Each structure stands twice: as structure tokens, then as C-alpha cells.
Amino acid sequence: MANPKVLVIGGGIGGMTAALVLARFGVEIAIVERNRRLGGHAAELGCKALNACVKCGACLVAETLEAAAAHPRISAHTDSRLEAITGSDRFTYSIRNASGRAIRGEADAVVIAAGFRTFDPSTTSYGYGRFPNMITNLDLERMLRANAKAMRPSDGGAPKRMAFIQCVGSRDAKLGHLWCSQFCCGAALRAARLIRHRQPQTDITIFFIDIQTFGRDFESFYRQSQHEFRFIRAIPGDAYQMEDSGIRLAYMDDASRQSREEVFDLVVLSTGMVPPEGLAQTADDLGLALASSGYVAAQAHRGLFAAGAVRGPMRIAETIADARDTACQVLAFLGIKGGIPEPLVAERRPLVSRLVAPGRG
């Protein structure tokens, strides 16, 4: 196919990875990204290394963004929305940017890499949005990137007692979210260890259903974490703000089967992944099937391809591997022979099952 063109919907780590692989094989790429910058949620993550790399994946995002931004065959339309798309053998699309200008184009294939949204915890009983010292995992990431330490938003002070609540918005049968979001456990433990390293006076408690394995060194990492933090197998049901802006959490102790309450200076809600905004409409426009979970059901369908967390919750390394695999399928569809360029092969990972039994009633 002469001068092949591909539209990539989403400029996160999945979309950028797929775009970079395709561009290196001579494909012209147009990326449409609704945010003002590329990188998605992964670009908000900071390095969690202490004395050595802990394989959080944050550095992979920066490297991919730098390479993609410098590639002459990749055009990125940020702060823009896909206004319309039609076609089957060849696609015609219209992009609308923030200034209202319409950008029209054609593509031989489309890669949907719209990523995910994080669950909105303001709909829960935890008081997020009302209690200043109740924050999300992404709020904490931004805080650590900006200040290099954990702080109480209410007064800027260092927390003495801090809690993480896992599985907020995922593994919840009441919400119909039966999936594990994959990244929350690893992100929480790495962040907790970074905070303990920089602020050793901070006492950290982790409320959990179970801990999702991650990485090759998980067992030793987890054993060390168990010595550093207190783990409580329970998910608090309610939160109350104290006069000093502390947060009182009520939970059922699994061992004693007794109701307990504890007060923390700072509480982090590990919010899970949910399908991205607008995915249902895009799928309907293109005749693409969604699974009952709301994620894209198939990786490829008639010139349409899906990559990364738009197919279900994935960690950064899994998203990169999935995007590379998708790019290989696009190359085959376009009739372009060849494998992934050698520097991109080393970190491929197999996908894992992402649906689990419900964790709550």
C-alpha cells in the first residue's frame, strides 16, 4: 500500500507506543488526544526508585513521548476531539480542536487507544471533594512529583498516620465493576515505600481485599513491605472528618469480626480504572463491539484495532506490550512486512487475565 495512513485515537502510552512502531515502518500517523498534553495518566506518575529501580514504568513513558514527539511521521492533535468518523475499507474523519477549527483526513486503519478514566470517588461515602485530607492515588502522585513528599492538603503539614484504601471503584459487585484494575496495588506499595524512605516518621496502614502480584521481584518486595507497613484485610465503609481535619475510618476487623474505628491524618483512595469517556459513542459510530464491562471486546475488526487499557485494565508494561502487538497486526493489515524494530522487543510482556470474582457484595 502506497503512503499508508493510520489514525490513532488517544495519546497515552498505548497510543504513542503503537504510533511510534508504525511510524518507524513508514506509516503516516495522526494522533487525536482530548487533553492538552500527550502521555495520559501514565505521564502523571513519578519515579519510585529508592536505591535502585523498582520497575514502576514511569521512565518508559518519558522515553516514548520524547521519541514520538521527534518523529517526522507523527502528527499529534492535542486538546482536540474526534468529531466524526465513517468508513470501512478506508476511513474519513473530522477532528475539532480547542479553537474550533475542523481538521479532516483519511486513514487506511484506525487504532483505538483511548486508555481509561479513573473511578470518581466523590460518589462514595468517603467524603472525597469535601474532606481536604481525603485524596486519590493520582492526587498523591501529583503531590510527590511537585513536593517530593506527602503533605496534608488542609495545612501543608507532614502526616503522622496515613492510610491507603485499595479497590475503590473496582472489584465491586454493587457497581458492576468486577475487574481488578491491575496497577493499584503496585502503585500504592511503591508510593508508600517512597514516603517511608523520605518521611520515616510516617506510620502507614493499607486496607485491602487482597494484594495483586506485580513484577518479577514481587515476593521479596511484598515481604519487605509487610515489615514496613500495617496491612488490614478490610475495606472501610464510612469516613468522618474530625475537628482537626483528620479522617476517622470505620471498618470491620477480619480477624475479630468486630467493628473498629481509627483516625488518620491523610487517606489515599486507590481508585480503579473504568472505560474512557466517549468510548461507547465511538464504538457505535464504527460498529465496534464492546464487552459487558464496557471495554473493547476485540483487538482487531475490519481495519479497526484496539490497543492498551481500552481493552481492559493493564499496567504500563502490559500496555506497552499490547500496543506493540497491535502495531504488528496493523502492519500485517497494511501489507507491510517486518517485525518490531529491535530496541522495542526487549520489554514485551504477556497479557494476564483481568477479570476476577467480585470482592464485595
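A quick note: this is a predicted structure, and the numbers were derived from the prediction, not measured. (Residues numbered from 1 in each chain as written. Predicted model: local features only at pLDDT ≥ 70, side-chain atom pairs only at ≥ 80, totals over all residues. Heavy atoms only, no water.)

**With respect to the overall build of the protein**
For the protein, the helix and strand inventory stands at seven helices and 19 strands. Over its C-alpha atoms the protein spans a radius of gyration of 21 Å, differing by no more than 12% from the 21 Å that the globule rule assigns to 361 residues. Dimensions along the principal axes, computed over C-alpha positions, put the protein at roughly 65 × 40 × 40 Å. Taking all 361 residues of the protein together, 52% fall into the buried category. (Helix = DSSP H or I, 4+ residues; strand = E, 2+ residues; numbered from the N terminus. Rg over C-alpha atoms; globule rule 2.2 N^0.38 Å. Buried < 20%, exposed > 50% of the residue type's maximum accessible area, 1.4 Å probe, protein only.)

**Quick look at the sheet that holds strand S11 (residues 203–207)**
As summarised here, the arrangement of the five strands in space is S9-S16-S10-S11-S12, forming an open sheet in which the pairing is parallel. Where the open sheet ends on each side, the last strands, each with one partner, are strand S9 (134–136) and strand S12 (230–232). When the angles between neighbouring strand axes are averaged without regard to direction, this sheet yields 25°. This element, helix H4 (residues 184–198), spans strand S10 (161–168), S11, S12 and strand S16 (266–271) of the sheet and lies at about 170° to S10. (Pairing = 2+ DSSP bridges. Axes fitted to C-alpha atoms, helices over the stretch in contact; angles between N-to-C directions. Contact = heavy atoms within 4.5 Å.)

**Quick word on helix H6 (residues 279–286)**
Among the residues of H6, those classed as buried are Leu279, Thr282, Ala283 and Leu286. The buried side chains of H6 occupy one side of the element, clustering within an arc of 100° when seen end-on. Opposite its buried face, H6 presents the exposed residues Ala280 and Asp284, each directed more than 90 degrees away. Downstream of H6 by one or two residues, Gly287 has phi in the positive range, about 70°. (Arc of directions from axis to C-beta.)

**As for the confidence of the model for the protein**
The pLDDT averaged across the protein works out to 88; a share of 92% of its residues lies at or above 70. Put simply, strand S18 (residues 300–301) is where the protein has its lowest mean pLDDT, 81, and S9 is where it has its highest, 98. For the stretch residues 342–361, pLDDT sits under 50, and the model shows 48 contacts to residues farther than four places along the chain or on other chains. (pLDDT = per-residue confidence, 0-100.)

**Considering empty space enclosed by the protein**
Applying the stated criterion to the full structure yields four cavities of 30 Å³ or more. Taken as a whole, the largest cavity encloses approximately 50 Å³ of empty space. Forming the boundary of the largest cavity are Gln166, Cys167, Ser170, Arg171, Cys180, Ser181, Gln182, Cys184, Cys185 and Gln212. Mapped by element, the contributors of at least two residues to the lining of the largest cavity are S10 and H4. Residues belonging to the lining of the largest cavity are distributed by class as follows: four nonpolar, five polar and one charged. (1 Å grid on protein atoms, 1.4 Å probe; cavity = no way out; pocket = protein on both sides within 12 Å on 5 of 7 lines; lining within 4 Å. Points joined across faces, edges and corners; volume = space filled by probe spheres on them. Nonpolar A, V, L, I, M, F, W, Y, C, P; charged D, E, K, R; others polar.)

**Description of the pattern of salt bridges**
One pass over the structure, following the stated rule, counts 18 salt bridges. Among the ionic pairs, Glu277 bridges to Arg34, the shortest N-O distance being 3.8 Å. One end of the pair, Glu277, is in the loop between strand S17 (273–274) and H6; the other, Arg34, is in the loop between strand S2 (28–32) and helix H2 (58–69), with 243 residues separating them in the sequence. Across the pair Arg161 and Glu262 runs a salt bridge whose closest N-O atoms are separated by 2.8 Å. Of the two residues, Arg161 sits in strand S10 while Glu262 sits in strand S15 (residues 259–264), which places them 101 residues apart along the sequence. Relative accessible area serves as the criterion here: at 13%, Glu262 is assigned to the buried category. Linked by salt bridges that have partners in common, Arg161, Asp203, Arg230 and Glu262 make up one network. (Salt bridge = Lys/Arg side-chain N within 4 Å of Asp/Glu carboxyl O.)

**Section: the packing of helix H1 (residues 13–23) against H2**
With their axes 10 Å apart at the nearest point, H1 and H2 run at an angle of 45° to one another. Here H1 lies oblique to H2, going by the angle between them. Crossing hand, H1 versus H2: left-handed. Contacts between H1 and H2 involve Ile13, Met16, Thr17 and Leu20 from the former and Leu60, Val61, Thr64, Leu65, Ala67 and Ala68 from the latter. The class makeup of the residues in the contact of H1 with H2 is eight nonpolar, two polar and no charged. (Parallel < 35°, antiparallel > 145°, perpendicular 65-115°, else oblique. Left-handed = near helix turned anticlockwise from the far one by under 90°.)

**Let's talk about the packing of H1 against helix H7 (residues 316–334)**
Direction vectors running N to C along H1 and H7 enclose 40°, while the axes themselves pass 8 Å from each other. In terms of axis orientation, H1 runs oblique to H7. Note that H1 runs across H7; the crossing there is right-handed. Contact residues: Ile13, Gly14, Thr17, Ala18, Val21 and Leu22 in H1; Thr319, Ile320, Ala323, Arg324, Ala327, Val330 and Leu331 in H7. For the contact of H1 with H7, the per-class residue count stands at nine nonpolar, three polar and one charged.

**Some words on H4**
Look at H4: 21 Å from first C-alpha to last across 15 residues, which is about the 21 Å you get at 1.5 Å a residue. H4 sits mainly inside the fold: twelve of its 15 residues count as buried. Among the residues of H4, those classed as buried are Cys184, Cys185, Gly186, Ala188, Leu189, Arg190, Ala191, Ala192, Arg193, Leu194, Ile195 and Arg196. Contacts made by the buried residues of H4 are with helix H3 (137–147), S10, S11, helix H5 (218–228), S12 and S16. (Expected span 1.5 Å × (residues − 1).)

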